[in-house]
Amino acid sequence: MSARARVVLQVLPLTAVLLAFFVVPILFVLAVSFFHYDDFGVVPAFSFENYADVLSEHLTLDLYLSTVRFAAIVWFFTLLIGFWVAYFLVFHVRNQLVAIGLFLVCTVPFWTSNIIRMISWLPLLGKEGLINRLLINMHLINRPLEFLLFSDFAVVVCYVHLFTIFMIVPLFNSMSRIDRALFEAAMDAGMSRLQTVLFVVVPLVKSGIVLGSIFVITLVMGDFYVVKVMSGGGHASVVSAMFDDISVLLFPHAAANAVFLIIIVLMMVGLILRAVDVRKELVDQR
Amino acid sequence: MQFLYRAAIDLESPKQNARRASDAQNFTRVVRTWTLALCSHQPGVQMSKRETRRRNTINASGHTPVSRRKLLKGAAALGAAAGAGVIGAPTIWAQEIKDIELRHIGVSYSVVKAVGDQAAKDLGFKVSMQNLDTSAAITRFVTQPESVDIPDLEGWQTKVAVARGILQGIEVKRIKEFDNILPIFTKGEYEGKKVSRQGISPYEAMYVESKESTKIVEGVHDWMTFLPQVYNADSMGYRPDLIGRKITEWKELFNPEFKGKAAILDVPNIGIMDAALALESRGDVTYNNKGNMSRAEIDKTIDALIALKKQGHFRATWTTFDQSVELMAAGEITIQSMWSPAVAAVRVKGIPCVYAPVNAKGGKEGYRGWCNGMGLARHLTGKKLDAAYEYLNWYYSGWQGAFVARYGYYSPVPKTAAKFMTGNEYGYWYDGKPATEEIKDPYGVIMEKPGAVRDGGSIVDRFTNISCWNTVMDENQYMSKRWNEFKSA
């Protein structure tokens, strides 16, 4: 068997899966996004009216602004927390076995479903929830803090809780590859601890930051359930608007919206990857 | 969590100790209710799966479900006994039908496993009940019509399904109890009064001219589009202990008194009608047809909602049955648009909750009605079609009517449902009379004590006071867009 044939064989299964379950459905969505529709049916056609609708609606802008805002806030907090958790695990825990053990502990909550982890916030944050009761019983407040639940705050807390792990994993991975001798060198060169982190560690884990950011941002952009529940239905997101379309059979409009979302997210990912060449970073570090 | 909670209450002064026990109970309750609230993560409107499963393990009379084997054995006997009894016994030979399986698909509050199991037991063929949320259901009917035998439809879904040609007409002659169906459905009138035509009333979507027709027509004809099986009138629920007075008008939903303590239903088609009822009640807007608004009417309604939201009027919105129950039970809100069984579910938790009677007055107020019915898929033929007719007729034989009555819904043929209910039950649920004994739900849980009266009174009281019906508007896409503007405001 020639080398070329072997490569083709190796690539074939993944290609087949991607074609069948990713490319074909996306093409289908793309096709539907050009269809006409009326009250009772979808009519195959080639028209840009759905895109015109999506792009001319003020709602689209509002939805994207609101979703991107959440993505930015959540990205900031997950990066901040994820970075220090990974840093602690890699550099402060001396025993590698303990470090890996602690790393696994980070993943324990992920043995349950997203939904369970999300709803576990409700009894904590509610008007009669744990935090409000604690504060009232400590006489720190007289009436329950309502911003805790069904608010932007609740949405962000929940996202950060759900998605920080996606930042920790790639950062942990990148940091583990850093040669410890660099720390000694930095110290010898007279760097402070903070300087070492900023000028030695951060540049070396760029690829981890990028991968983590892509995970977190695409997850937030594509979510609608966390927003729906934690904001008490007070917020819509790009995807929840699509869901409302589909519930009354406005498939072409939803499809156009979906294609638009894919383009926006691809552009965001493209921008991130432009900032850091992940492939080069990964190869260089070997 | 319990540990932290103990720590929290230990900080209280000693004289508050007495409160501890009830606090702890309260807290446990809140945790439990919230946890249950969202276990069904289906975004559509439905009961939680856990709840449904629990309910499905016992059948209505509290008997354990009959085993498959016993059921099949019984089928032959049943076939032989055709025509006897009140259960609408099959008229086709049991041997031939026992391999038939009917797939009845629809929302969880209408397509109920316990009902399907009983039908299978009585009829001798298989019935599989599958639950999808409203949007997933209609999507499936339209895109995979072969995968369903009995699509469960609301009026607006019927309109879509008929136009798409996925249904076949139901022959009126073959529905035994047709003459006993309440005229709400068959003639569009009730107790001598015309029933509201705002929105899509069941009558409006009821008839076609032939079996193959794809056009719904006005007036009574020989072919039906769908057979109504369960319906009710929706209104608001409120906490009488926290509000301290009676609520009988929709405008209370927007009353500044309840700022930050109100919630509205977040299913755009229905939520906007609840909002419209409230605005109409407040005298802000007069609608030509709340169920089919013009763009200007939609704008006025959504603008009012956005203004209210900016003032912080809404604590939340809800989409599932359980969410509405938990919002109310957890004390997050004191008034919201709500369904009758959800109000009952709050009361079963020991928390006072009232279903607001919003009888029409001065051209305002009234309930928002809804009705689910069964269609016949176009691909049904031969024995399977015969079995489907048996199944449809079985729904009007009374067992199902009694079952749904016990959680507050109605049968289109109350006459037969009455045979499966005690006088006390029928008096309470249908006639609005005080209960003479305890009232139990279909699964045997005690709901009300003797002397209790159903909120909203009798069926006549409710259905002569329908203001509008669940619908999808002509300006649906515009409405959906504006509703999302309200959501993202």
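Each remark here, short or long, concerns the structure printed above.
Everything numeric here is computed off the predicted structure, so don't read it as measured data.

J.: Any chance you could break down the environment of Met 221 of chain A for me, citing the residues and the numbers?
T.: Residues and elements named next belong to chain A. Tracing the sequence through the fold places Met 221 in helix α11 (residues 206-222). Looking at Met 221, the number of C-beta atoms within 10 Å reads 21, which means it is buried. Those residues in contact with Met 221 that lie beyond four places of it in its chain are Thr 67, Ala 71, Val 238 and Val 265.

J.: Outline the sheet that holds strand β5 (residues 170-171) of chain B, supporting the account with residue identities and numerical values.
T.: Note: strands within a sheet are paired through backbone hydrogen bonds, in either parallel or antiparallel orientation. Residue and element names in this part refer to chain B. Spatially, the four strands line up as an open sheet ordered β5-β10-β8-β9, and their pairing is antiparallel. Two strands lie at the open edges of the sheet, namely β5 and β9 (216-217), each paired on one side alone. Taken together, the two bridges between strand β8 (residues 207-208) and β9 define a ladder with antiparallel strand orientation. Its bridge partner being in β9, Val 208 is matched across the sheet by Ile 216.

J.: Which residues make up α11 of chain A, and what are the values?
T.: Every α-helix winds through 3.6 residues per turn, so residues three or four apart in the chain are directed the same way. The end-to-end C-alpha separation of α11 of chain A is 24 Å, in line with the 24 Å expected for 17 residues at 1.5 Å each. When α11 of chain A is considered as a whole, its buried residues turn out to be Ser 207, Gly 208, Ile 209, Val 210, Leu 211, Gly 212, Ser 213, Val 216, Ile 217, Val 220 and Met 221 of chain A.

J.: Could you give an account of the environment of Ala 307 of chain B, with specific residues and numbers?
T.: Looking at the secondary structure, you find Ala 307 of chain B in helix α12 (residues 295-310). For the pair Ala 307 of chain B and Trp 429 of chain B, spaced 122 residues apart in sequence, the C-alpha to C-alpha distance is 39 Å.

J.: So what about the interface of chain A and chain B? Which residues, and what values?
T.: The interface is formed by 40 residues belonging to chain A together with 45 residues belonging to chain B. Tallying contributions element by element places helix α13 (residues 238-247) of chain A first for the side of chain A that touches chain B, with six residues. Of the residues that constitute the side of chain A that touches chain B, the class distribution is 20 nonpolar, eleven polar and nine charged.

J.: Let's hear about unusual backbone geometry: which residues, and what values?
T.: For Phe 150 of chain A, which is not glycine, the phi torsion reads 55° and is therefore positive. Within the secondary structure, Phe 150 of chain A sits in the loop between α7 (130-137) and α8 (152-176). The phi angle at Glu 365 of chain B is positive, at roughly 60°, despite the residue not being glycine. With respect to the helices, strands and loops of the structure, Glu 365 of chain B is situated in the loop between β15 (354-355) and β16 (367-374). Take Glu 365 of chain B: there are 22 C-beta atoms within 10 Å of it, and that puts it in the buried class.

Calculation criteria
- Residues numbered from 1 in each chain as written.
- Chains lettered and ligands numbered in written order.
- Predicted model: local features only at pLDDT ≥ 70, side-chain atom pairs only at ≥ 80, totals over all residues.
- Helix = DSSP H or I, 4+ residues; strand = E, 2+ residues; numbered from the N terminus.
- Buried ≥ 20, exposed ≤ 12 C-beta atoms within 10 Å, placed from the backbone.
- Contact = placed C-beta atoms within 7 Å.
- Pairing = 2+ DSSP bridges.
- Expected span 1.5 Å × (residues − 1).
- Nonpolar A, V, L, I, M, F, W, Y, C, P; charged D, E, K, R; others polar.

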